[in-house]
Amino acid sequence: MDTRQLEYFVAVADERSFTRAAERVFAAQSTVSAGIQSLERELGAALFERDAHGVRLTEAGEAVLTEARAGIQAVERMRELADDQGPLRGTVRVGIFTNLRSVDLPGIMGEFHRRHPHVDLRLGPSPGGSTGLVEDVRQGRLDIAFHGLPDAVPDLLTRHLVDSPFLAVLPEGHPLARDRSVSLADLADDPWVDSRTGFGNRVTLDRAFAALGLTRRIPTELADLGEIPRFVASGLGVAALPELTVIPADGAVVRPLREPVDWRLSAIARPRPGRAAEALLALLAERIHAA
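Criteria and thresholds
Residues numbered from 1 in each chain as written. Predicted model: local features only at pLDDT ≥ 70, side-chain atom pairs only at ≥ 80, totals over all residues. Heavy atoms only, no water. Helix = DSSP H or I, 4+ residues; strand = E, 2+ residues; numbered from the N terminus. Buried < 20%, exposed > 50% of the residue type's maximum accessible area, 1.4 Å probe, protein only. Contact = heavy atoms within 4.5 Å. Areas by Shrake-Rupley, 256 points an atom, 1.4 Å probe, with all protein chains shown as cover. Core = buried A, V, L, I, M, F, W, Y, C linked by side-chain atoms within 4.5 Å. Pairing = 2+ DSSP bridges. Salt bridge = Lys/Arg side-chain N within 4 Å of Asp/Glu carboxyl O.

Asker: Please clarify how the overall build of the protein chain should be interpreted in this entry.
Answerer: If you tally the helices and strands in the protein chain, you get ten helices and eleven strands. Structurally, the protein chain occupies a C-alpha span of about 70 × 50 × 30 Å along its principal axes. For the protein chain, the residues scored as buried account for 46% of the 291 residues in total. Nonlocal contacts in the protein chain, meaning residues at least 24 apart in sequence, comprise 73% of its contacts between residues at least 6 apart. Surface summary for the protein chain: the accessible area is close to 14400 Å², and the carbon and sulfur share equals 51%.

Asker: Where do I start with the nonpolar core in this structure?
Answerer: Proteins that are soluble and globular tend to have nonpolar side chains buried together. Ile 144, Phe 146, Leu 265 and Leu 284 are the most contacted members of the largest nonpolar core, which totals 55 residues. By residue number, the principal contributor to this core is helix 10 (residues 275-290), which donates seven residues. Discounting chain neighbours no more than four positions away, the residues touching Leu 265 are Phe 97, Leu 100, Phe 146, His 147, His 160, Leu 161, Val 162 and Leu 244. Among the nonpolar cores identified, the runner-up in size contains 21 residues, and Ala 11, Val 12, Phe 18 and Ala 68 belong to it.

Asker: Mind showing me how you'd approach the pairing of strand 6 (residues 157-171) here?
Answerer: Side-chain positions along a regular strand alternate between the two faces of the sheet. As paired elements, strand 6 and strand 11 (residues 262-269) share eight bridges and run antiparallel to each other. For Val 162, the partnering residue across the bridge sits in strand 11 and is Leu 265. Pairing of strand 6 with strand 9 (residues 239-242), which is carried by four bridges, proceeds in the antiparallel orientation. Across the sheet, residue Leu 167 finds its bridge partner in strand 9, namely Leu 241.

Asker: Would you mind going over the pattern of salt bridges with me for this structure?
Answerer: Pairs may arise between side chains of opposite charge once their charged atoms sit close together. Taken as a whole and judged by the stated rule, the model has 24 salt bridges. A salt bridge links Arg 56 to Glu 49; the shortest N-O distance between them is 3.3 Å. Across the pair Asp 163 and Arg 264 runs a salt bridge, and its minimum N-O distance is 2.9 Å. Here Asp 163 is found in strand 6, whereas its partner Arg 264 is found in strand 11, with 101 residues between them in sequence. A relative accessible area of 35% places Asp 163 in the partly exposed class. With a relative accessible area of 43%, Arg 264 lands in the partly exposed category. Connected through salt bridges with shared partners, the residues Asp 14, Glu 15, Arg 20, Arg 24 and Arg 69 form a single ionic network.

Here it is in structure tokens:
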């Protein structure tokens, strides 16, 4: 068994495709297939089920996947410890939010690249929002991720970045659109536009309503927070979003909430991140906290 076989295994497990896995690890598909077969022979168990519908992990594959990720990370850590005085190298996989209007994420990543030109960055969002990003970090699919859930994640390393107050987003023609501020109670009976279940802002706002003994109806759900003001402007309902995420839209107005509701943005990683991941965590905390 060698590290490359484990990398092939993890890539196929993540991509659910030998073709995409081969592209990801920069190897021929036949090489990936041969590596998986060799690993299966050594372990004495099939790791994947292959049929016309794709590739799925077997029960044995599910059982060993976490250990395979840990093995790869342990080898990477050993290399870093042996070369702790040299330039940072490797790849950092980062789970991001695509709608942080006030955070210059390209600028931060550009600065990181200038400081550490030998580190590759792989950035992307999760369709499950913060909940999906937390699980991706926990399972080793990501090295770092943004995190906007109100609860701490005790098994992961957390760096607090910034708190952002929620603001109400109303259609221009709403009866309260001219008020200086609005309360959640005033909006409880309106239809709402919000992100999907599992997104940190949705969880935080749901808890704020519950604390006030209120409920609301959410007929429109979106995976892209940045689009919510445009849907509000079209008359589909009202919304409340963290100030950091509000992208102005014609036909929508933004007002402070009378009840203070804050959204906490953090960055998370697995315990004992590598040198490159630790450097990026520090830069995120430095730049976003100062913004």
